[in-house]
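Examination of the molecular architecture
If you want the building blocks of each chain, they are given just below.
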Amino acid sequence: MKNKCFSYVLACVCGLVLCMASCEKMTVSKDDSGNSGDANVHLSISSFEQTPFSTTRAAVSEVCSRISFLIYDSNGTRIRKEDQLVEDDDFGYASFMLAKGRYFLVVTAHSGEGNPTSTNAQRIAFTNKTGFTDTFLYADSLTVGDTDVERSLVLKRIVAMVRFIPYDDVPAQADSIRFYYTGGSGTFNAVAGGWGVVNSEQVQWYGLTHREKKFEIYTIPHEGDDDHLKVMVNTYCGEKSDLVIVSECEIEGIPVKRNHITTCRGYLFSPVYQQKFNITIDDVWDNDSIVFNINE
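Read on for a plain summary of the structure. Owing to the predicted nature of the structure, the values given are computational and were not obtained by experimental measurement.

1. Quick word on the environment of Leu-70
One can find Leu-70 in strand β2 (residues 66-72). The class for Leu-70 is buried, based on a relative accessible area of 1%. In the structure, Leu-70 is positioned 38 residues away from Thr-108 in sequence and 8.4 Å away in space, judged by C-alpha atoms. Dropping the residues within four chain positions of it, Leu-70 is found in contact with Arg-78, Arg-80, Lys-81, Phe-104, Leu-105, Val-106, Ser-118 and Ile-124.

2. Focus on unusual backbone geometry
Positive phi is not limited to glycine here, since Asp-225 has a value of about 55 degrees. Turning to its location among the elements, Asp-225 is positioned in the loop between β14 (215-219) and β15 (227-237). Even without glycine at this site, Asn-259 takes up a positive phi of about 65 degrees. Residue placement: Asn-259 occurs in the loop between β16 (244-256) and β17 (261-266).

3. Let's talk about the nonpolar core
Counting residues in each nonpolar core, the largest one holds 40 residues, and the members touching the most others are Phe-164, Phe-179, Val-231 and Ile-254. Ignoring anything within four residues of it in the chain, the contact list for Ile-254 reads Val-162, Phe-164, Asp-227, His-228, Leu-229, Val-231, Thr-262, Cys-264 and Ile-279.

4. With respect to the sheet that holds β16
Hydrogen bonds between backbone atoms are what pair the strands of a sheet, whose relative direction is either parallel or antiparallel. Spatially, β13-β10-β15-β16 is the arrangement adopted by the four strands of the open sheet, whose pairing is antiparallel. For this open sheet the edge positions go to β13 (201-207) and β16, each flanked by a neighbour on one side alone. Between one strand axis and the next, the sheet turns by 15 degrees as a mean value, whatever way the strands run. Bridge analysis of strand β10 (residues 176-182) against β15 gives seven bridges, and the strand direction is antiparallel. For Tyr-180, the partnering residue across the bridge sits in β15 and is Met-232.

5. Points about the sheet that holds strand β11 (residues 187-189)
Strand order in the open sheet made by the three strands is β6-β11-β12, with antiparallel pairing throughout. Each edge of the open sheet carries a strand with a single partner, namely β6 (124-125) and β12 (195-196).

6. Here's the deal with the pairing of strand β9 (residues 160-166)
Two faces make up the sheet, and in a regular strand the side chains alternate between them. Among the seven residues that make up β9, six are buried, leaving the element largely enclosed by the rest of the structure. The sheet contact formed by β9 and β14 spans five bridges and is antiparallel. Residue Met-161 lies in a different strand from β14, and its bridge partner there is Tyr-218. Note: β9 against β17, six bridges, orientation parallel. Bridging across to β17, Val-162 finds its partner in Thr-262.

7. Section: empty space enclosed by the protein
All told, the structure shown has one cavity of 30 Å³ or more when counted by the stated rule. A volume near 50 Å³ is recorded for the largest cavity. Taken together, Phe-126, Gly-131, Phe-132, Thr-133, Thr-135, Val-159, Ser-185, Gln-202, Tyr-218, Thr-219 and Ile-220 make up the full set of residues lining the largest cavity. The class makeup of the residues in the lining of the largest cavity is five nonpolar, six polar and no charged.

8. A look at the packing of aromatic side chains
For the structure shown, the criterion picks out seven aromatic pairs. On the basis of an interplanar angle of 35 degrees and a centroid distance of 5.5 Å, the ring pair of Trp-205 and Tyr-236 is categorised as tilted. With Trp-205 in strand β13 and Tyr-236 in strand β15, the pair connects residues that are 31 residues apart, well separated along the chain. A residue is classified by how much of its surface remains accessible, and Tyr-236, at 8% relative accessible area, is buried. Across the ring face of Trp-195, the terminal group of Arg-258 is positioned such that the distance to the ring centre comes to 3.7 Å.

9. A look at the pairing of β15
Strand direction decides the pairing type here: β15 and β16, joined by 10 bridges, are antiparallel. From the neighbouring strand, Thr-235 faces β16, where its bridge partner is Ser-247.

10. Examining the environment of Tyr-180
In this structure, Tyr-180 sits in strand β10. Accessibility expressed as a relative area gives 25% for Tyr-180, which makes it partly exposed. The spatial distance from the C-alpha of Tyr-180 to the C-alpha of Lys-230 is 8.3 Å, given a sequence separation of 50 residues. If we ignore the near neighbours within four places in the chain, the residues touching Tyr-180 are Glu-201, Gln-202, Val-203, Lys-230, Val-231 and Met-232. Among the polar contacts made by the side chain of Tyr-180, one reaches the side chain of Glu-201 at a distance of 3.3 Å.

Here is what the cut-offs are and how they apply
Residues numbered from 1 in each chain as written. Predicted model: local features only at pLDDT ≥ 70, side-chain atom pairs only at ≥ 80, totals over all residues. Heavy atoms only, no water. Helix = DSSP H or I, 4+ residues; strand = E, 2+ residues; numbered from the N terminus. Buried < 20%, exposed > 50% of the residue type's maximum accessible area, 1.4 Å probe, protein only. Contact = heavy atoms within 4.5 Å. Core = buried A, V, L, I, M, F, W, Y, C linked by side-chain atoms within 4.5 Å. Pairing = 2+ DSSP bridges. Axes fitted to C-alpha atoms, helices over the stretch in contact; angles between N-to-C directions. 1 Å grid on protein atoms, 1.4 Å probe; cavity = no way out; pocket = protein on both sides within 12 Å on 5 of 7 lines; lining within 4 Å. Points joined across faces, edges and corners; volume = space filled by probe spheres on them. Nonpolar A, V, L, I, M, F, W, Y, C, P; charged D, E, K, R; others polar. Phe/Tyr/Trp six-rings, centres within 6.5 Å; stacked < 30°, edge-to-face > 60°. Lys NZ or Arg CZ within 6 Å of the ring centre and 35° of its normal. Polar contact = N/O pair within 3.5 Å; in protein donor to acceptor, adjacent residues only side chain to side chain.

Spelled out as structure tokens, the structure:
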């Protein structure tokens, strides 16, 4: 009889423990940045610089596919990080529970294959693996006191784009194109306004499925907006493990400026014409227009 009572009590205790564990698990927020269900800082993206845009979630998804909300303490240590994908229900919105004090808030928005490294706010880095895309930044101090903080964020573009429009056709036997370029940066300093802080070797690959007639690459200019890119354009056939070069072209001195599009029109794939390019810095993203001609 004693054994039966003991077994019954043990079963009840085990059931109670499992129930408590289950309830505890249900109260944990999906945010892995250390937040609980309560929050005193509420952030929402309201607009992107130089981008036709309304305040709806769908409009945010038209500009970017990844957003990172980053919070650093007064010593520069990153203490909160929330990465969002376009399919997330709260895309463009984030909430945090923070102790009273002063912080530095950074938000990046882009459409790369991965998020940048962000341990140091002064060296936030995209890589060839994560990719380089149209990229926006919000960076400002944040003070938390007795009342909740609600902030509507306007993100600014920190990249320049170079758009290639070839006069000639991509070689019929080519399967892919690689743009290898130097002169810009894939790493930026969020504290100093999002300017590039290193000299990067950047790569952009294109698979040729529809024989494209336009190709775009992105870089983060250094402060002063006086960067010039050197670009090597190679077409290949075969698999990446066994590529054969079909054509190659090198272009030097391509000017880039933040929030501007530099358009290069010329022959990319025909050796006899390769050095003839018309290069224009467009006012599509900004209000200035600069024309730069090479070997015309």
